[in-house]
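Here's the letter readout for the chains.
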Amino acid sequence: MAAGGVVWVTFPKQNLIPPPRKRFGRKLRTGVPLISSTAERAYSEEKVHEVVLKQAAWVKQQRPNEGCKDWDLLNEAYERCGEVWAEYAKTFYLGTLLMTSERRRAIWAIYVWCRRTDELVDGPNASHITPRALDTWEKRLGNIFQGRPYDLFDAALSHTVSNYPLGIQPFKDMIEGMRLDLLKTRYNNFDELYLYCYYVAGTVGLMSVPVMGIASESKASNETVYSAALALGIANQLTNIIRDVGEDCRRGRIYLPQDELASAGISEDEIFRGLVSNKWKIFMKNQIKRARMYFDEAEKGVAELEEASRWPVWASLLLYRQILDVIEENDYNNFTKRAYVGKAKKFASLPLAYGRAIMGTSKFF
Ligand SMILES: CC(C)=CCC/C(C)=C/CC/C(C)=C/CC/C(C)=C/[C@@H]1[C@@H](COP(=O)(O)OP(=O)(O)O)[C@]1(C)CC/C=C(\C)CC/C=C(\C)CCC=C(C)C
Ligand SMILES: [Mn+2]
C-alpha cells in the first residue's frame with residue numbers, strides 16, 4: 001500500500017510502540033515512551049524486518065476482514081507526534097499553533113525525530129548510548145527516507161519527507177552532532193562551538209525551510225534564505241547554551257569557548273562553583289551580544305518565507321530571543337536561576353510577531 005509515496009506496512013496499532021520500561025526512555029504523560037527500548041538498542045536491519053513481518057502477521061490474524069486504513073494510521077502517527085510536541089516543545093509550542101495544519105504536522109514529525117535524536121545522548125539513557133547505536137539510528141533514518149518506517153513516529157516523518165522537498169543531509173548532520181556530543185565536553189574556540197551548533201540546531205533551520213516554503217515573489221537567492229534559517233538555528237542554540245550553563249556543567253559539560261573563558265580570566269572551578277562574578281557578567285554580556293547578532297541575521301530572512309509561515313517563525317524567534325533578556329534581568333545568574341519566559345510575555349509577543357509578519361520587516365514594530 002502506498003500513501004504519498006510511503007510504503008505502508010499494516011501494523012497493529014497497540015503494538016507499534018512497546019510499553020514503557022523503567023530503565024528505558026522517559027515516559028510521557030500520555031504514556032508514550034519517547035524512545036523505545038528497541039530503538040535504543042543496536043539492532044540489525046534484519047531484526048527490524050523480522051519485527052515488522054511479525055506485526056503484519058499479527059494484524060492478519062486478529063483482524064482478517066479489516067484492511068488497514070492508511071489514512072487513519074497516518075493521522076494517528078501525526079497525532080502522536082503532536083502529543084510529544086505538546087509535552088516537550090516549551091518555547092516552540094505557540095509557533096506551530098500559528099501554522100497551517102499541514103505544515104504544523106510536518107514540523108511536528110521533524111520535531112519528534114530531532115527530539116528523539118537529542119534524547120539519545122541527552123536523555124535518561126544517555127550512558128547506554130554508543131557510537132554504534134547512533135550508526136543504527138542513521139540506518140533507520142535512511143529507511144525513513146526510503147519509505148520504510150520502523151515505528152509510528154518514523155511513519156509520520158516518512159510521509160513528511162515524501163510530501164516536502166527535504167534532503168537527508170541535515171538529518172545526518174544532526175546525528176553527527178550527537179556523535180560529537182558523546183566524545184566532546186569542551187570547545188577550544190568559537191569555531192568549534194559553531195560547528196557543534198550547526199550540527200544540533202543549524203540543521204533544524206535547514207530542515208524547516210522546505211516546509212515553511214520560500215515566497216514565490218521573493219527575490220532573495222535560496223542561499224540567502226537558507227543562511228538566515230541557519231543563523232536562526234545558531235542563535236537559538238547559543239541562547240540555549242547560555243541559558244543552560246548551570247545544568248550543563250552539572251553534567252560535566254561546558255559549551256563555552258575555552259579561549260574566551262581564559263581571556264576573561266574565568267576558571268573551570270569558578271564555573272563549577274557557579275560564581276556570578278563581574279568577570280562572569282562581562283563574559284556573559286559578550287556571549288549574549290553574539291547570540292543577538294545571529295538573531296539579527298536570521299530576521300533578515302523571515303520576510304522571504306511564504307506569507308503563512310512568517311508569523312509562526314517570527315513568534316518562535318521573538319520568544320527564544322526573549323530568553324536572553326531574562327538572563328539579563330536575572331543579573332547573569334544562569335547557574336541556579338533558569339531563564340524562563342512567562343505565559344503573559346509569550347502571548348504578548350504574538351501581536352508583535354504578527355505585525356512584523358504582515359509588514360514583512362522588523363523596522364516598524
Ligand atoms: C516554528 C519552528 C521554530 C519550527 C522548528 C521546530 C523544530 C523542528 C524544532 C526541533 C528542535 C529540536 C528538538 C532540536 C534537537 C536539538 C536541540 C535540543 C536543539 C535546541 C532546541 C531547543 O530545544 P529545547 O527543547 O531545549 O528548548 P526549550 O526547552 O523549548 O526552550 C534548539 C535551541 C535548536 C532549535 C532550532 C530551531 C528551532 C531552528 C529554527 C529555524 C527555523 C524555523 C528556520 C526559519 C527560517 C528563516 C528563513 C529564518
Ligand atoms: Mn538544552
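Criteria and thresholds
- Residues numbered from 1 in each chain as written.
- Chains lettered and ligands numbered in written order.
- Predicted model: local features only at pLDDT ≥ 70, side-chain atom pairs only at ≥ 80, totals over all residues.
- Heavy atoms only, no water.
- UniProt positions renumbered as here; feature names shortened; annotations may be inferred.
- Helix = DSSP H or I, 4+ residues; strand = E, 2+ residues; numbered from the N terminus.
- Buried < 20%, exposed > 50% of the residue type's maximum accessible area, 1.4 Å probe, protein only.
- Areas by Shrake-Rupley, 256 points an atom, 1.4 Å probe, with all protein chains shown as cover.
- Donors = N, O, S within 2.8 Å, 3.2 Å for Na, K, Ca; no water.
- Contact = heavy atoms within 4.5 Å.
- Near = heavy atom within 4 Å.
- Polar contact = N/O pair within 3.5 Å; in protein donor to acceptor, adjacent residues only side chain to side chain.
- Bend = angle between axes of the 7 residues up to and from the residue.

Going by an unreviewed UniProt entry, the protein chain carries the name 15-cis-phytoene synthase and comes from Gossypium mustelinum. Per its UniProt entry, the protein chain bears the Pathway (unreviewed entry) comment "Carotenoid biosynthesis; phytoene biosynthesis; all-trans-phytoene from geranylgeranyl diphosphate: step 1/1." Its UniProt record gives the protein chain the following Sequence similarities (unreviewed entry) comment, quoted word for word: "Belongs to the phytoene/squalene synthase family."

Enquirer: I keep staring at the overall build of the protein chain and nothing clicks. Help me out?
Expert: Scanning the protein chain for helices and strands turns up 16 helices and 4 strands. When each of the 365 residues of the protein chain is scored for burial, the buried share is 54%. Of the roughly 16,900 Å² that the protein chain leaves accessible, carbon and sulfur atoms contribute 53%.

Enquirer: Got a minute to help me understand the coordination of the manganese ion (ligand 2) in this structure?
Expert: Distances from the manganese ion (ligand 2) to its protein donors, Asn240 (OD1) and Asp244 (OD), fall within 2.7 to 2.8 Å. For Asp244, a relative accessible area of 7% translates into the label buried.

Enquirer: Just checking my understanding: could you explain the side chain of Asn330 for this structure?
Expert: Locating Asn330 in the fold gives a position in the loop between helix H15 (307–329) and helix H16 (343–359). The class for Asn330 is buried, based on a relative accessible area of 16%. Excluding residues within four positions of it along the chain, Asn330 makes contact with Lys337, Arg338 and Ala339.

Enquirer: Explanation requested: the site of ligand 1 in the structure shown.
Expert: The full set close to ligand 1 counts 32 residues, and Thr91, Arg115, Val200, Asn240 and Arg243 are the nearest of them. The contact in question runs from an oxygen atom of ligand 1 to an N or O atom on the side chain of Arg243, over 2.8 Å. Within the side chain of Tyr320, a nitrogen or oxygen atom sits 3.3 Å from an oxygen atom of ligand 1. About the coverage of ligand 1: the protein hides 96% of its 1,000 Å² of free accessible area.

Enquirer: Before we go on, may I ask you to explain helix H9 (residues 190–212) in this structure?
Expert: In an α-helix there are 3.6 residues to a turn, and that puts residues three or four apart on one side. If you look at H9, its biggest bend is around 50°, right at Tyr198. Taken from the residues just after H9, Gly213 is the one with a positive phi, measuring 85°.

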